[in-house]
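Here is what each chain is made of, one letter per residue.
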Amino acid sequence: MRKEILLIVLFVLTCITGYAQISFQTLYTKDGNVTKELEKAYYTRIVNIPDQNTKDRIVEEFYTSNKALKLQGTVTDIAGTKFKGKKYELFENGNLKSEEMFSNQSEQIDTAFYYHENGKIKSVLYYPFTIGKKGKYKIEEPLYLIYEDSTGKVLLKDGNGFAVSENSYSYEEGSYVNHKKDGEWKGHFDNKKYTFVETFKENKLISGVTTDSLGNKTSYDATKGSKEPTYPDGILALMRFIGSNYDYPKQALLARINGIVEVEFVIDKSGQPKDFKIKTDLGYGTGEAAIKVLKKMKNWEPGVQRGITVHVKYIIPIRLNTVG
C-alpha cells in the first residue's frame, strides 16, 4: 500500500512540475543552512510556481548524493516552508519517512504517519480539528495512536505505552497514559551536551533536572523550564524600528519591487543576534538592506530550554511595499 501511494505522489509531482513556469532553487547543508557550494550541499530545494494567478507553490527537495526525492508538498510562501495540504518526506534510500496534513494556515491537522528508515511504521498521531464559520481551524492536542520499534514491536497503542521522540537536536523517551505524558521522561539535547530527567502528570510538567557535561545540575518546572527569546519592548517595537530604519535600495524602488524578505539569524546565549543569512530575497539589494538594519537592533533576552540558556535560530519577515 505504501509503495502504491508513493508512486501516485511521484506521478502527480511529475505532471504538476511539467507545467511549472517559474522555479526557485536553493542548496542546503545537512544542518539546514543555505549554501552556494554544491559540494557542501546535502539537498536541493526547488519551489515551483505553476500559475502566476495562484499563491500556491509546489516545493520539492532532492538529495544531492543520489538525486532521490527528499520532500514534496504544496506551500504558500516562496521559501517553501509554510505547507498546505499533504506533505511527504522520504529517506535517502527512497523509503517513506512521513506523511502529514496541514491546514490553509499551515497548522498540522488530521492523521500523521511516520516511518523507520527500513520502511516499517514508526508512529501514528491524530491532530483533532474543527473549522469555524470564517474558515479558521481550531486544533486540539494531538492523540498518540501507535508507536512501534524498527522490528515492528508495538510499544504504544491507543495513547497508552512507551514512545520515543527525536530529531537532529534532541531525544526524549517516556510513557503515555490516555494520550498524555505521564511519569518519568528522560533524554538529551544540543548534541548530547545536556541530559535531562523530567516528571509529568497528565501532560503537565511537574519538575525537571538538566545535567551538563561537567555534571552541573539545573532544576526547573513548568514556569521557568522553557522560554522563547524576546526583544526589548516586544516584537512590535522591533518591527517599528525596522520600518523606520530600513533603507530601501534605489534599484528596488525603480523596479517597484514588492514582497517579503526573510532574514535568519541566531540569538546566542547572551542575547546577541549574529550569523545573519538571507532566507528569502527579492533581489535588487533588498536582502542585504534587511541584514544591514537588523544588525542595528538591540540585544534580545535569550531563549531557555529545560532551564538552560541556549542559542536559538530566528526568522524575521520584512514586507516591502513601493508607493506610486
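Let us look at the structure shown here.

1. Section: the overall build of the protein chain
For the protein chain, the count of helices and strands is 4 helices and 24 strands. Taking 324 residues into account, the globule formula puts the C-alpha radius of gyration at 20 Å, and the protein chain, at 22 Å, falls close to it. C-alpha extents for the protein chain along the principal axes are approximately 60 × 50 × 50 Å. For the protein chain, with 324 residues in total, the buried portion stands at 41%. Restricting to contacts in the protein chain with at least 6 residues of sequence separation, those with at least 24 account for 39%. Accessible surface, the protein chain: about 18900 Å² in total, of which carbon and sulfur atoms supply 51%. Measuring between centres, the 47 positive side-chain charges of the protein chain sit 4 Å from its 41 negative side-chain charges.

2. Quick look at the sheet that holds strand β24 (residues 312-320)
Strand pairing in a sheet is mediated by backbone hydrogen bonds. Such pairs are either parallel or antiparallel. Taken together, 3 strands build an open sheet; the order of strands is β21-β20-β24 and the sheet is antiparallel. On the outer flanks of this sheet lie β21 (273-280) and β24, each paired with one strand and no other. Pairwise comparison of adjacent strand axes, ignoring direction, gives a mean angle of 25° for this sheet. Judged from the 9 bridges that link them, strand β20 (residues 259-267) and β24 form a sheet pairing that is antiparallel. In the strand pairing of β24, Val263 is matched with Ile316.

3. Brief notes about the pairing of strand β7 (residues 96-102)
Counting buried positions over the 7 residues of β7 gives 5, a clear majority of the element. Relative to β7, strand β6 (residues 83-90) is paired through 6 bridges, and the arrangement is antiparallel. Each bridged residue has a counterpart across the sheet, and for Lys86 the counterpart in β7 is Met101. Counting the residues between successive antiparallel strands, the hairpin from β6 to β7 contains 5 residues, one of them, Gly94, with a positive phi of roughly 100°. Bridge analysis of β7 against strand β8 (residues 108-115) gives 4 bridges, and the strand direction is antiparallel. Looking at the pairing, Met101 lines up with Ile109 of β8. The antiparallel hairpin formed by β7 and β8 contains 5 residues in its connecting segment, where Ser106 sits at a positive phi of about 65°.

4. Here we look at the pattern of salt bridges
Enumeration over the complete set of coordinates arrives at 11 salt bridges. Lys40 is paired through a salt bridge with Glu37; the nearest N and O atoms lie 3.4 Å apart. For Glu37, a relative accessible area of 35% puts it in the partly exposed group. A salt bridge links Arg306 to Glu172; the nearest nitrogen and oxygen atoms lie 3.4 Å apart.

5. A short note on the nonpolar core
In terms of nonpolar packing, the biggest core is built from 22 residues, with Ile242, Tyr246, Val263, Phe265, Leu294 and Met297 touching the most fellow members. Secondary-structure elements contributing two or more residues to this core are α2 (235-245), β20, α4 (286-294) and β24. Broken down by element, this core gets its largest block of residues, 5 residues, from α4. Once you skip the residues sitting within four places of it in the chain, Val263 turns out to touch Phe276, Lys277, Lys279, Ala290, Ile291, Leu294, Tyr314, Ile315 and Ile316. Counting 20 residues, the second largest nonpolar core, distinct from the first, contains Tyr114, Tyr147, Phe196 and Leu205.

6. What about the packing of aromatic side chains?
Going through the model one piece at a time under the given rule, you end up with 16 aromatic pairs. For the pair Phe83 and Phe102, a centre-to-centre distance of 5.9 Å together with 35° between the ring planes defines the contact as tilted. Here Phe83 is found in strand β6, whereas its partner Phe102 is found in strand β7, with 19 residues between them in sequence. With 5.2 Å between their ring centres and 15° between their planes, Phe189 and Tyr194 make a pair best called stacked. Put simply, the rings of Tyr231, Phe265, Phe276, Trp300 and Tyr314 pair up and form one aromatic cluster. Its guanidinium or amino end placed over the ring of Trp185, Lys181 lies 4.6 Å from that ring's centre, counting from NZ or CZ. Arg306 extends its terminal NZ or CZ atom over the ring of Phe196, reaching a point 3.7 Å from the ring centre.

7. Considering α2
Within the sequence span of α2, burial applies to Ala237, Leu238 and Ile242. Around the axis of α2, the buried residues are gathered within 140° of arc, so they sit on the same side. Exposed residues on α2 whose side chains face more than 90 degrees from its buried face are Leu236, Arg240, Gly243 and Ser244. Looking at the buried residues of α2, the elements they touch are α4 and β24.

Calculation rules
- Counting restarts for each chain: residues are numbered from 1 in the order of the written sequence.
- Selection of residues for local features in this predicted model requires a pLDDT of at least 70, selection of side-chain atom pairs for listing and counting requires 80 or more, and totals for whole chains, interfaces and linings are taken over all residues.
- The side-chain values count all of the structure's non-hydrogen atoms but skip hydrogen atoms and water molecules.
- Labels follow the DSSP assignment, with helices taken as runs of H or I lasting at least four residues and strands as runs of E lasting at least two, numbered in each case from the N terminus.
- This radius of gyration counts C-alpha atoms alone. The globule rule is 2.2 Å times how many residues there are, raised to the power 0.38.
- Think of it in three bands: with a 1.4 Å probe and only protein chains considered, a residue is buried below 20% of the maximum accessible area for its type, exposed above 50%, and partly exposed in between.
- By definition in these notes, contact holds between two residues if any of their heavy atoms fall within 4.5 Å.
- Residue burial considers only the protein chains on display, and all accessible areas are found by Shrake-Rupley using a 1.4 Å probe.
- Positive charge is attributed to Lys and Arg, negative charge to Asp and Glu, and no charge count is given to His or to the chain ends.
- In this description, the location of a charge corresponds to atom NZ of lysine, CZ of arginine, CG of aspartate or CD of glutamate.
- The pairing criterion is simple: DSSP has to find at least two bridges between the two strands.
- All axes are obtained by fitting lines to C-alpha atoms, using only the stretch in contact for helices, and the reported angles, taken between N-to-C directions, cover 0 to 180 degrees.
- What makes a salt bridge here is a side-chain nitrogen of Lys or Arg within 4 Å of a carboxyl oxygen of Asp or Glu, nothing more.
- Within this scheme, the nonpolar core is defined by two criteria: the residues are buried Ala, Val, Leu, Ile, Met, Phe, Trp, Tyr or Cys, and they are joined through side-chain atoms within 4.5 Å.
- Any pair of Phe, Tyr and Trp rings, taking the six-membered ring for Trp, is counted once the centres come within 6.5 Å. Such a pair is stacked with planes under 30 degrees apart, edge-to-face with planes over 60 apart, and tilted for the rest.
- A ring is considered to have a charge above it if a Lys NZ or an Arg CZ atom is located within 6 Å of its centre and within 35 degrees of its normal.
- Directions are taken from the helix axis to each C-beta atom, and the arc is the one they span.

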